[in-house]
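Secondary and tertiary structure notes
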Amino acid sequence: LASCLNNIGEVHRLRGEFLSAIRFNQKALDLTRGSEELDAIKESYYSLYLSYKKLGKPLMAFTMFEKFNVYSDSILRKEDQRAVIRQEFAYQYEKQSLADSLRIAGAQQVADAQYAAQRAESIQERQKVIFIAFSLLLLLCLSGFIFYKRRKELQEKLDCEHKEANRLKELD
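These lines cover the structure that appears in this document, whether it is placed above or below. (Residues numbered from 1 in each chain as written. Predicted model: local features only at pLDDT ≥ 70, side-chain atom pairs only at ≥ 80, totals over all residues. Heavy atoms only, no water.)

Before going further, it helps to spend a moment on the overall build of the chain. The secondary structure content of the chain amounts to four helices and zero strands. Starting at the N terminus and walking to the C terminus, you meet the elements of the chain as α-α-α-α. For the chain, the spread of C-alpha atoms along the three principal axes comes to 170 × 25 × 25 Å. Counting all 172 residues of the chain, 19% fall into the buried class. When contacts within the chain are restricted to residue pairs at least 6 apart in sequence, long-range pairs at least 24 apart make up 47% of them. Per element, the accessible surface of the chain, about 13900 Å² overall, is 60% carbon and sulfur. For the chain, the distance from the average site of its 27 positive side-chain charges to the average site of its 24 negative ones is 6 Å. (Helix = DSSP H or I, 4+ residues; strand = E, 2+ residues; numbered from the N terminus. Buried < 20%, exposed > 50% of the residue type's maximum accessible area, 1.4 Å probe, protein only. Contact = heavy atoms within 4.5 Å. Areas by Shrake-Rupley, 256 points an atom, 1.4 Å probe, with all protein chains shown as cover. Lys, Arg positive; Asp, Glu negative; His and termini not counted. Charge placed at Lys NZ, Arg CZ, Asp CG, Glu CD.)

Structural data, given as structure tokens:
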């Protein structure tokens, strides 16, 4: 409603009916005073400034222009505050995102380290099994060699004794 009244006041001002324009702009201003419609208030003050200026009332025009500037600054401050809040949210989001990424990366490093430790342990166990198997094979080969040598020596001794016994029989 205040915007409509401001628009009607603007039409009157453009037609040169400055007193009517002031009346409509003042009604718009009265409607918006207790509200948060800062743009409508700013627009009303600007229209009042232009109307008073055209009527040749510089003091009233200056007063309206000052109020217009106050509301312009107020709107800019609110926009700046919103921008700061948006930036703060973006910063908090990025900060949380980075913290999550670091936590995930840390967990991945821990998992990688555990996997590497298990793999090293597995390799070490395999090496132990291979060493034990090789040692047992070597021991078996050595035992077989010793057994073969002992048997050969016993066989040679037994053959020698048989020859000796056969020779003694032949002599008797």
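We now examine the pattern of salt bridges. Counted according to the given criterion, the structure contains four salt bridges. A salt bridge links Glu10 to Arg13; the nearest nitrogen and oxygen atoms lie 2.4 Å apart. Taken together, the residues Glu10 and Arg13, both in helix H1 (residues 2–14) and three residues apart, mark about one turn of the helix. On the accessibility criterion, Arg13 (14% relative accessible area) is buried. (Salt bridge = Lys/Arg side-chain N within 4 Å of Asp/Glu carboxyl O.)

Another aspect to go through is the nonpolar core. Listed in full, the 11 residues of the largest apolar core are Ile22, Leu29, Ile41, Tyr45, Leu48, Tyr49, Leu50, Tyr52, Ala61, Met64 and Phe68. Elements represented by at least two residues in this core include exactly helix H2 (18–32), helix H3 (38–55) and helix H4 (58–171). With six residues, H3 is the single largest residue contributor to this core. Judged by nonpolar contacts, the second largest core, of five residues, contains Ala2, Phe24, Ala28 and Ala40. (Core = buried A, V, L, I, M, F, W, Y, C linked by side-chain atoms within 4.5 Å.)

Under the counting rule described, the total for this entry stands at five aromatic pairs. Arranged with centres 5.8 Å apart and planes meeting at 40°, the rings of Tyr46 and Tyr49 form a pair that is tilted. Of this pair, Tyr46 and Tyr49 are both found in helix H3, three residues apart, which corresponds to roughly one turn of the helix. Taking the relative accessible area as the measure of exposure, Tyr46 reaches 35% and is therefore partly exposed. Using a relative accessible area of 15% as the deciding quantity, one classes Tyr49 as buried. Members of the aromatic cluster, joined through ring pairs, are Tyr46, Tyr49, Phe65 and Phe68. Across from the ring centre of Phe24, 5.6 Å away, lies the NZ or CZ of Lys27, which sits over that ring. (Phe/Tyr/Trp six-rings, centres within 6.5 Å; stacked < 30°, edge-to-face > 60°. Lys NZ or Arg CZ within 6 Å of the ring centre and 35° of its normal.)

Attention now goes to a nonpolar patch on the surface. Together, Phe131, Ile132, Leu136 and Leu139 make up an exposed nonpolar region whose accessible area comes to about 440 Å². Its place among the elements puts Leu139 in helix H4. (Patch = residues over 30% accessible without salt bridge, like charges linked within 9 Å, V, L, I, M, F, W, Y side chains within 5 Å.)

Moving on, we come to the packing of H1 against H2. Direction vectors running N to C along H1 and H2 enclose 165°, while the axes themselves pass 7 Å from each other. Accordingly, the angle class assigned to the pair H1 and H2 is roughly antiparallel. Taken as a pair, H1 and H2 cross one another with a handedness that is left-handed. Contacts from Ala2, Leu5, Asn6, Ile8, Gly9, His12 and Arg13 in H1 reach Phe18, Ser20, Ala21, Phe24, Asn25, Lys27, Ala28, Leu31 and Thr32 in H2. Class assignment of the residues belonging to the contact of H1 with H2 gives a composition of eight nonpolar, six polar and two charged. (Axes fitted to C-alpha atoms, helices over the stretch in contact; angles between N-to-C directions. Parallel < 35°, antiparallel > 145°, perpendicular 65-115°, else oblique. Left-handed = near helix turned anticlockwise from the far one by under 90°. Nonpolar A, V, L, I, M, F, W, Y, C, P; charged D, E, K, R; others polar.)

The terminal C-alpha atoms of H2 lie 21 Å apart, and with 15 residues this matches the ideal 21 Å at 1.5 Å per residue to within 8%. Along H2, the residues classified as buried are Phe18, Ser20, Ala21, Ile22, Phe24, Asn25, Ala28, Leu29 and Thr32. In this structure, the buried side of H2 is in contact with H1 and H3. (Expected span 1.5 Å × (residues − 1).)

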